[in-house]
Amino acid sequence: MKNCILLTIFGFLPMALFGSILTVSSTSDSGFGTLRQAVLSASASDTINFSSSTNGTPILLTSGEITLNKRLTIIGNGMGVTLIDGSSSSRIFFVDNSGTNSDTLNISMLTVQNGSATVHGGGIGSFGNAPHNSYVLNLSNVEIKNCTAGFSGGGLAIGIGTLDQCYIHNNSDGGSGGGMYAHWHPVNITNTTVANNAGLYIGGASFNGVSNLTNCTFYGNVATDTLQGKGGLHVTGEITNCTVTKNTGAQNGGLSHSGFSSVNIVNSIIYGNTGGDVLIISFSFPPSDNASYSNNIVDSCHVQSFSTINCPSWYSTQDPLLDPLGLQNNGGATQTVAIDCGSPAIDAGISTTQVLSTDQRGVARIGAPDIGAYENGATIDTTVSVSGIMLIANSNTTYQWIDCDNGNSLISGATSQFFIPSVSGNYAVIVGDGAGCVDTSACYLVTNIGLNELGLSKVLALYPNPNSGDFSIDLGSVHSNVEVHIVDIAGREIESLYFNKKKLIQISVKRLMGLYYISIHTDSDKAVIPLLIE
C-alpha cells in the first residue's frame, strides 16, 4: 500500500500495485504528473503511458532534454496526438550511452518535434562523438519533425535499434543525415518514410553500419553542400522494396553507397532524383563494386572512382509511373508514393527472405511483389451478367467487347457497358479503370440470337445499337411493304410501324429505355434482332 500511496503523490496512476505502469497526466515540463517526473520515478522495465487528457496539447520541455538511462517502454496515444516538444531549445530524448548493459528502450505512438542539439540527434540522440551503442532503441509509430542538429542526425541519431512505421520529416542538420544518422551499428528499418529533410552532406539518412531497410520511402530530401551533397541516403546493408524519388544533391540525388561495402539492393525504385539516382563510390585498389542488385528500376547511375567501373545493368530504366501527386496519405501509418496502373513495377519484383508479405501501408503483396514500397494491388471488377441475349459488364470506366470465337478480336463500336451480339457465340469484355489498369472478363456464351427465315438478317443492319432512341434500319435493298414491331423482353408489343418502298428506315422512340426486340417483316423475309435503348 505504501508504494501505491507514494506513486499517487507523484501524480502517476499505477495499473498494478507494483507501480509498473505510470501514466502522464500533465503537459507541463516538470512536476506532478509530468513525463519528466515519470522517467525519473520509473524503475527499470516500467512502462509509461499518457492520459487522454494530454492528447493534442504539446508537452513543452523548457528545462532541457529528458535522459533515458534505464529499460523503459514509453507508449503515447498516437502520432500527432501525443506531442513532445523541445521548444527549439533542447533535444527531446537523450539516450545515455555511458552504460554497457545493452538495455532496451521502446518508444511508440507519439510525435517528437521542435528539438535542437549542438551535436547529434536533434529529436532523439546522444551526446558526444557517437550515438548510443549501449542501448537498443526501438521506435514504432513515432513521428520526428522540425528538429535540428549541429552535426549529424537532424531528427534522429541511433546506434543499435529498429524503426517501424515511423515518419521522419522536415528536420535538418549541419552534417550527414538531415533526417536520421545511424552510426556503426546495425539498424533495421521497416515501413518508414524519411521525407523533406535537409543536411549539409546527406539530406535524408546516413547508414554507416550494416542495416536492413524494407518498405521504406525517401522523398524530397535535400543535401545543401554544392560539391559533395547526396540528397536521399547513403547506405550499407540490405535495401528491399524501397522507393527513392524527388531527392536532390549536387553529387547525387538518390542513393549512394561505397563499392567495397556490403550492399544488396532488391525490388527498389530509385528514380526521378535531381543530381542522379545511384552513385557508386569506389576508391579501393583495385576499384570494385561489391554490391548486388536485383529487379530495380533506376534511371541514371554514375561511379566515382580512380578508374573505370561500369554501373550494373538495371532490371528496368523505364518510367515507373509514380503518382504525380508525390508523397500522399495512401493509407497506413506513414505517407507513401503510389505507383499508377500500367507501371512496369507492378508484379515485377522477386521474392526473397527480406520481402515482407505486405507493403509499407500494410496492404498485402499479391502474387509477385511490386517493385518499390507501394503495392499497387489494383483490382478491376470483370464480372459480366447475362440478361436474355444482352451482356452487362459491371461498372468501370472503359469497355471494349471482344469475340472469343474469333481470336478475341475487337468488335467495332462495342464500347458500351451493355452489349448485344448480332450472332450466337462467346463474348468477353476488356474493362479499364481510367488510370491505365485494364483486365479482361471470362467468355460468356450467348445463343438464340436473330430469327432469320429467308435470309433478311444477312444483309440487314441496325445502327447505332445501343442507342438513345434514335436509330436506323438498313434493309440492304428496297422493299415494297415493311412492318417494324418493337417488342419488350416480356413479349409485349410496344410499337408497330409500317413503311412502303423503303431501303433505309429511320425510327425515333426516345420515350423507351431498356432491352427490346425489333421484328421486321417484308413481303418475303422476316428477321428478329435485339435493340438496346440507353
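Keep in mind the model is a prediction, meaning the values are calculated, not measured. (Residues numbered from 1 in each chain as written. Predicted model: local features only at pLDDT ≥ 70, side-chain atom pairs only at ≥ 80, totals over all residues. Heavy atoms only, no water.)

## So, the overall build of the protein
1) Next: Looking only at helices and strands, the protein features two helices and 50 strands.
2) Next: For the protein, the proportion of contacts with a sequence separation of at least 24, taken over those separated by at least 6, is 66%. (Helix = DSSP H or I, 4+ residues; strand = E, 2+ residues; numbered from the N terminus. Contact = heavy atoms within 4.5 Å.)

## A short note on the side chain of Gln400
1) Next: You can see Gln400 is positioned in strand β39 (residues 398–403).
2) Next: Residue Gln400 is classed as buried on the basis of its relative accessible area, which comes to 18%.
3) Next: In this structure the side chain of Gln400 is engaged in a polar contact, spanning 3.0 Å, whose partner is the backbone oxygen of Ile411.
4) Next: Those residues in contact with Gln400 that sit more than four places away from it in its chain are Leu410, Ile411, Ala414, Thr415, Ala428, Val429 and Ile430. (Buried < 20%, exposed > 50% of the residue type's maximum accessible area, 1.4 Å probe, protein only. Polar contact = N/O pair within 3.5 Å; in protein donor to acceptor, adjacent residues only side chain to side chain.)

## Concerning the sheet that holds strand β38 (residues 390–393)
1) Next: Reading across the sheet, the three strands line up as β37-β38-β41 and stay open at both edges, with antiparallel pairing between neighbours. At either end of the open sheet lies a strand with only one pairing partner, and these are β37 (384–387) and β41 (418–419).
2) Next: Looking at chain direction, β38 and β41 are connected through two bridges and run antiparallel. Across the sheet, Ile392 pairs through a bridge with Phe418, a residue of β41. (Pairing = 2+ DSSP bridges.)

## Quick notes on the state of the cysteines
1) Next: All told, the structure shown has two disulfides when counted by the stated rule.
2) Next: Residue Cys301 pairs covalently with Cys311 via a disulfide, S to S 2.0 Å. Between Cys301 and Cys311, the S-S dihedral sits near -85°, and the bridge is therefore left-handed. Separated by ten residues along the polypeptide, Cys301 in strand β34 (residues 301–305) and Cys311 in the loop between β34 and β35 (322–328) bring together distant segments of the chain.
3) Next: On the basis of relative accessible area, Cys311 is assigned to the partly exposed category, the value being 28%. (Disulfide = S-S within 2.5 Å.)

## Points about the packing of aromatic side chains
1) Next: This structure, assessed with the given rule, holds one aromatic pair.
2) Next: With a centroid separation of 5.1 Å and 80° between ring planes, the pair formed by Tyr293 and Trp314 is classed as edge-to-face. Of this pair, Tyr293 sits in strand β32 (residues 292–294) while Trp314 is found in the loop between β34 and β35, placing the two residues 21 residues apart along the sequence.
3) Next: On the accessibility criterion, Trp314 (16% relative accessible area) is buried. (Phe/Tyr/Trp six-rings, centres within 6.5 Å; stacked < 30°, edge-to-face > 60°.)

## Examining the nonpolar core
1) Next: Counting residues in each nonpolar core, the largest one holds 59 residues, and the members touching the most others are Ile48, Phe93, Leu139, Leu156, Leu163 and Phe207.
2) Next: The dominant element in this core, judged by the number of residues it contributes, is strand β11 (residues 135–145), at five residues.
3) Next: Those residues in contact with Phe207 that lie beyond four places of it in its chain are Met180, Ala182, Ile189, Leu213, Phe218, Leu233, His234, Val235 and Thr236.
4) Next: If you look at the next biggest cluster of nonpolar residues, it comprises 21 residues, including Met390, Ala393, Tyr399 and Ile411. (Core = buried A, V, L, I, M, F, W, Y, C linked by side-chain atoms within 4.5 Å.)

## Focus: the confidence of the model for the protein
1) Next: With 89% of its residues at a pLDDT of at least 70, the protein reaches an overall mean of 87.
2) Next: Here residues 1–19 scores under 50 on pLDDT; set against residues more than four positions off or in separate chains, the count is 28 contacts.
3) Next: Predicted confidence is poor over residues 450–454, with pLDDT under 50, and the contacts of this stretch with residues over four places away or in other chains come to ten contacts. (pLDDT = per-residue confidence, 0-100.)

## Concerning the environment of Gly179
1) Next: Within the element layout of this structure, Gly179 appears in the loop between β16 (172–173) and β17 (180–182).
2) Next: Look at Gly179 and you get buried, because its relative accessible area is 0%.
3) Next: Along the sequence, Gly179 and Phe218 sit 39 residues apart, while their C-alpha atoms lie 9.9 Å from each other.
4) Next: When residues no more than four places from it in sequence are discounted, the contact partners of Gly179 are Gly154, Gly155, Leu156, Ile168, Asn171, Val194, Asn197, Gly203 and Gly204.

## Some thoughts on the pattern of salt bridges
1) Next: What the rule picks out here adds up to eight salt bridges.
2) Next: When the shortest N-O distance is used, the salt bridge between Arg71 and Asp103 registers 3.3 Å. Of this pair, Arg71 sits in the loop between β4 (66–68) and β5 (72–75) while Asp103 sits in strand β8 (residues 103–113), and the two are 32 residues apart along the sequence.
3) Next: A residue is classified by how much of its surface remains accessible, and Arg71, at 34% relative accessible area, is partly exposed. (Salt bridge = Lys/Arg side-chain N within 4 Å of Asp/Glu carboxyl O.)

## Topic: unusual backbone geometry
1) Next: A cis amide bond links Tyr463 with the next residue in sequence, Pro464, at an omega value of -15°.
2) Next: Mapped onto the secondary structure, Pro464 falls in the loop between β46 (461–463) and β47 (470–488).
3) Next: For the peptide bond that leads from Asn465 to Pro466, omega is 15°, which places it in the cis range.
4) Next: Assignment of secondary structure puts Pro466 in the loop between β46 and β47.
5) Next: Backbone geometry places Asn191, a non-glycine residue, at a positive phi of 55°.
6) Next: Along the chain, Asn191 falls in the loop between β18 (187–190) and β19 (193–195).

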